[in-house]
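One letter stands for each residue in the lines below.
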Amino acid sequence: MQLTYDIIVVGGGPSGSTAARYAAAAGAKVLILEKDRDIGYPVRCGEAVSHSGLIQFIEPDTRWIASTVTKFKMFAPNGNFINPKLDDWGYVLERRIFDYELAKLAVKEGAKVVTKAYVYDLLRENSTVVGVRALIKDVKTEIRAKIIIGADGVESRVGKWAGIDTTCHIRDMESCAQMMLSGITIEPETLEFYLGDEVAPEGYLWIFPKGKNSANVGIGISVEKAKKKAAIRYLEEFVAKRFSNAAMLTHIAGGVPAAKTLPKLVAHNVMLVGDAAHQVNPLSGGGIITGMIGGMLAGQTAAEALQKNDLQFLKEYEKRWQKRLGWRHELFYNIKNSSSMLNDETLNKICNKVSQLPVEKQTLGAIFRTALWNEPSVLLDIAKVFIS
Ligand SMILES: Cc1cc2nc3c(=O)[nH]c(=O)nc-3n(C[C@H](O)[C@H](O)[C@H](O)COP(=O)(O)OP(=O)(O)OC[C@H]3O[C@@H](n4cnc5c(N)ncnc54)[C@H](O)[C@@H]3O)c2cc1C
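Residues numbered from 1 in each chain as written. Predicted model: local features only at pLDDT ≥ 70, side-chain atom pairs only at ≥ 80, totals over all residues.

Peer 1: When you look at the overall build of the chain in this model, what are you seeing that I'm missing?
Peer 2: Regarding its fold elements, the chain presents eleven helices and 18 strands. At 21 Å, the chain has a C-alpha radius of gyration in line with the 21 Å of a compact globule built from 388 residues. A fraction of 70% describes how many contacts in the chain between residues 6 or more apart in sequence connect residues 24 or more apart. (Helix = DSSP H or I, 4+ residues; strand = E, 2+ residues; numbered from the N terminus. Rg over C-alpha atoms; globule rule 2.2 N^0.38 Å. Contact = placed C-beta atoms within 7 Å.)

Peer 1: Where do I start with the site of the ligand in this structure?
Peer 2: The environment of the ligand is formed by 35 residues, the closest being Gly11, Gly13, Gly46, Gly274 and Gly287. Counting residues per element, the ones that place at least two in the shell around the ligand are α1 (14-25), β3 (48-50), β9 (117-125), β12 (173-182), β16 (247-257) and α7 (288-308). Here the residues of the shell around the ligand are counted per class, giving 13 nonpolar, 15 polar and seven charged. (Near = placed C-beta within 6 Å. Nonpolar A, V, L, I, M, F, W, Y, C, P; charged D, E, K, R; others polar.)

Peer 1: Would you explain the packing of α1 against α7 in this entry?
Peer 2: Geometrically, a packed helix pair is captured by the angle between its two axes and the distance between the axes. Where α1 meets α7, the axes come as close as 7 Å, and the angle between the chain directions of the two elements is 30 degrees. With respect to each other, α1 and α7 are oriented roughly parallel. When the axes of α1 and α7 are compared, the crossing they make is right-handed. For the pair α1 and α7, contact is made by Pro14, Ser15, Gly16, Thr18, Ala19, Ala20, Arg21, Tyr22 and Ala23 and by Ile288, Gly291, Met292, Gly294, Gly295, Met296, Ala298, Gly299, Gln300, Ala302 and Ala303, respectively. (Axes fitted to C-alpha atoms, helices over the stretch in contact; angles between N-to-C directions. Parallel < 35°, antiparallel > 145°, perpendicular 65-115°, else oblique. Left-handed = near helix turned anticlockwise from the far one by under 90°.)

Peer 1: Would you take a moment to explain the environment of Thr370 for this structure?
Peer 2: Among the structural elements, Thr370 can be located in helix α10 (residues 364-374). When the 19 C-beta atoms within 10 Å are taken as the criterion, Thr370 is described as partly exposed. Note: C-alpha distance between Thr370 and Gly326 (44 residues apart in sequence) is 26 Å. Excluding residues that lie within four positions of it along the chain, Thr370 makes contacts with Ile350, Lys353 and Val354. (Buried ≥ 20, exposed ≤ 12 C-beta atoms within 10 Å, placed from the backbone.)

Peer 1: Is there a simple way to explain the sheet that holds strand β15 (residues 214-222) in this structure?
Peer 2: Pairing is mixed in the open sheet, where seven strands are placed in the order β6-β5-β13-β14-β15-β12-β16. The open sheet terminates on both sides in strands that have one partner only, identified here as β6 (81-82) and β16. Where strand β5 (residues 71-75) and strand β13 (residues 190-196) come together, five bridges link them in parallel fashion. Among the inter-strand pairings, Lys73 is bridged to a residue of β13, identified as Glu192. Strands in contact with helix α6 (residues 231-242) are β12, β14 (200-209), β15 and β16; relative to β12, the strand with the most contacts, it is inclined by about 35 degrees. (Pairing = 2+ DSSP bridges.)

Peer 1: Any chance you could explain the nonpolar core here in plain terms?
Peer 2: In a soluble, globular protein the nonpolar side chains are often hidden away together inside. One finds Ile7, Ile8, Ile148, Ile149, Met271 and Ala302 to be the most contacted residues of the largest nonpolar core, which totals 111 residues. A total of eleven residues in this core trace back to one element, the largest contributor, which is α7. What Ile149 contacts, discounting residues up to four positions off in sequence, is Ile7, Val9, Val10, Ala19, Met271, Val273, Ala298 and Ala302. (Core = buried A, V, L, I, M, F, W, Y, C linked by C-beta atoms within 7 Å.)

Peer 1: In this structure, what is going on with helix α9 (residues 344-355)? I would like to understand it.
Peer 2: An α-helical turn contains 3.6 residues, so any two residues separated by three or four positions project in the same direction. Helix length check: α9 (twelve residues) gives 16 Å between terminal C-alpha atoms against 16 Å at 1.5 Å per residue, within 8%. Among the residues of α9, those classed as buried are Leu347, Ile350, Cys351 and Val354. The arc that holds every buried residue of α9, seen down its axis, measures 95 degrees, which confines them to one face. (Expected span 1.5 Å × (residues − 1). Arc of directions from axis to C-beta.)

Peer 1: Whenever I open this one, the environment of Trp327 confuses me. Can you help?
Peer 2: Position of Trp327 among the secondary structure elements: in helix α8 (residues 316-339). Separated by 66 residues in sequence, Trp327 and Thr261 have C-alpha atoms that sit 9.3 Å apart.

Peer 1: Just to check I follow, could you spell out the domain arrangement of the chain for this structure?
Peer 2: One frequent convention defines the size of an interface as the accessible area lost when the parts assemble. When its domains are assigned, the chain resolves into domain 1 (4-45 + 96-168 + 259-329), domain 2 (71-87 + 170-257) and domain 3 (336-387). Here the C-alpha centroids of domain 1 and domain 2 sit 30 Å apart. Of the residues in the side of domain 1 that touches domain 2, the class split is four nonpolar, three polar and two charged. (Domains from an automatic or database assignment.)

Peer 1: Whenever I open this one, unusual backbone geometry confuses me. Can you help?
Peer 2: Negative phi characterises most residues that are not glycine, and trans characterises most peptide bonds. In the segment running from Tyr41 into Pro42, the intervening peptide bond is cis, with an omega of 0 degrees. One non-glycine residue, Asn126, lies in positive phi territory at about 50 degrees. By the element assignment, Asn126 lies in the loop between β9 and β10 (128-136). Exposure remark for Asn126: the 5 C-beta atoms within 10 Å place this residue in the exposed category. A positive phi is found at His268, a non-glycine position, where the angle reads about 55 degrees.

Peer 1: Got a minute to help me understand α1 in this structure?
Peer 2: Helix length check: α1, at twelve residues, gives a terminal C-alpha distance of 16 Å against a target of 16 Å (1.5 Å per residue), a fit within 8%. Burial analysis of α1 places eleven of its twelve residues in the buried class, which makes it a mostly covered element. Of the positions making up α1, those classed as buried are Pro14, Ser15, Gly16, Ser17, Thr18, Ala19, Ala20, Arg21, Tyr22, Ala23 and Ala24. Once α1 finishes, Gly27 follows within two positions and takes phi at roughly 105 degrees, a positive value.

Peer 1: Is there a simple way to explain the sheet that holds strand β4 (residues 65-69) in this structure?
Peer 2: Within a beta sheet, neighbouring strands are joined by backbone hydrogen bonds and run either parallel or antiparallel to one another. The strand order across the open sheet formed by three strands is β3-β7-β4, and the pairing between neighbours is antiparallel. The sheet is open, and its two borders are formed by β3 and β4, each paired with just one other strand. Within this sheet the neighbouring strands show an average axis-to-axis angle of 25 degrees, counted without direction.

Laid out in structure tokens, this is it:
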């Protein structure tokens with residue numbers, strides 16, 4: 001195989017493929033290295049995305065959409081629920097096909113993809129990064145590139161090798177578990193969320209439908225809470241009560257960095273995107289679309305830097321991310337921290353107040369305003385983001 005490229009992308013998830021796609025579209029010679037045998041597998045994700053987020057990158061296609069969701073149900077700790085209106089609709093994906101399609105879009109722009117290619121170090125000459133060291137189909141291989149993009153997910157090592165502090169404070173890490181259940185009765189167009197200390201302390205439990213009789217049923221709670229009782233135990237208890245006859249087809253565990261984006265995303269000629277850069281929405285834990293936005297900005301900036309022959313220009317990526325989503329994630333992070341202080345009683349009160357509104361006024365905005373009313377300190381956090 002060819003051993004010199006303009007850009008090597010480590011990781012073939014949504015962020016990596018999108019970075020490669022936009023860099024290749026702008027004329028760069030790009031290689032994606034993916035450690036697994038197949039792009040898109042194994043899936044460690046609830047697979048929910050919004051329509052408006054998705055169409056920035058790809059036209060929805062029934063081949064990789066398991067469900068189209070138009071409704072949203074939020075259960076308070078006392079079992080009452082509200083059915084807020086969704087401004088946008090969304091999808092539950094089949095990520096093993098979706099990720100594959102994203103990689104194909106990168107290939108269409110001219111990028112190369114190699115699977116079973118595990119990157120185990122950066123390649124340096126005179127302390128400058130000049131490529132990566134990888135085990136490609138079990139053969140040690142050195143591949144050279146001017147720019148490396150680390151899209152290697154939540155357990156990223158590319159950043160650390162380049163000297164970027166990628167630590168996620170334990171209080172910002174969400175511990176997640178999920179089962180793909182089949183043979184169950186659900187509302188196929190409705191996303192369900194459950195809140196409260198008993199079901200998901202400092203987090204939430206979700207049911208994301210995949211067709212009529214299957215769903216991703218998962219939970220994300222703070223690592224602090226998970227130390228006392230593992231996320232999977234909460235999930236098992238919920239499933240035993242709600243879906244006692246379900247068949248469990250898959251079962252996964254994983255972490256989500258529900259943090260602010262890393263302050264540093266670039267170190268000389270190494271850039272980070274997606275989960276590796278903590279580009280996840282800290283409030284929802286969603287990282288597919290946000291990672292793709294990070295990937296697009298990184299890919300475009302990298303190609304521009306090559307055209308200008310100026311690696312200093314890569315720093316522009318940090319500014320572009322901050323302007324596009326970084327500032328919002330800071331806001332969401334502060335809201336998350338304040339809302340995790342909402343106890344069961346307050347959550348019940350919020351649900352009760354919102355459910356008394358006329359149905360057409362039961363929106364996510366109404367929930368948010370009611371929550372602010374009950375926890376005014378959130379307002380201070382929001383003010384801080386705008387002032388700083
Ligand atoms: C339980 C759970 C549920 C979730 N639900 C949702 C949801 O409903 N909606 C949503 O938007 N987000 C969700 N997320 C978050 C979402 O899955 C991630 O934010 C998203 O996958 C990030 O994409 P990425 O490309 O940055 O990383 P990944 O998708 O993790 O891709 C990283 C890739 O890099 C590869 N790699 C790693 N190290 C190396 C190496 N050394 N060499 C070569 N390749 C390497 C990996 O094999 C992998 O393919 C969920 C996460 C979890 C854990």
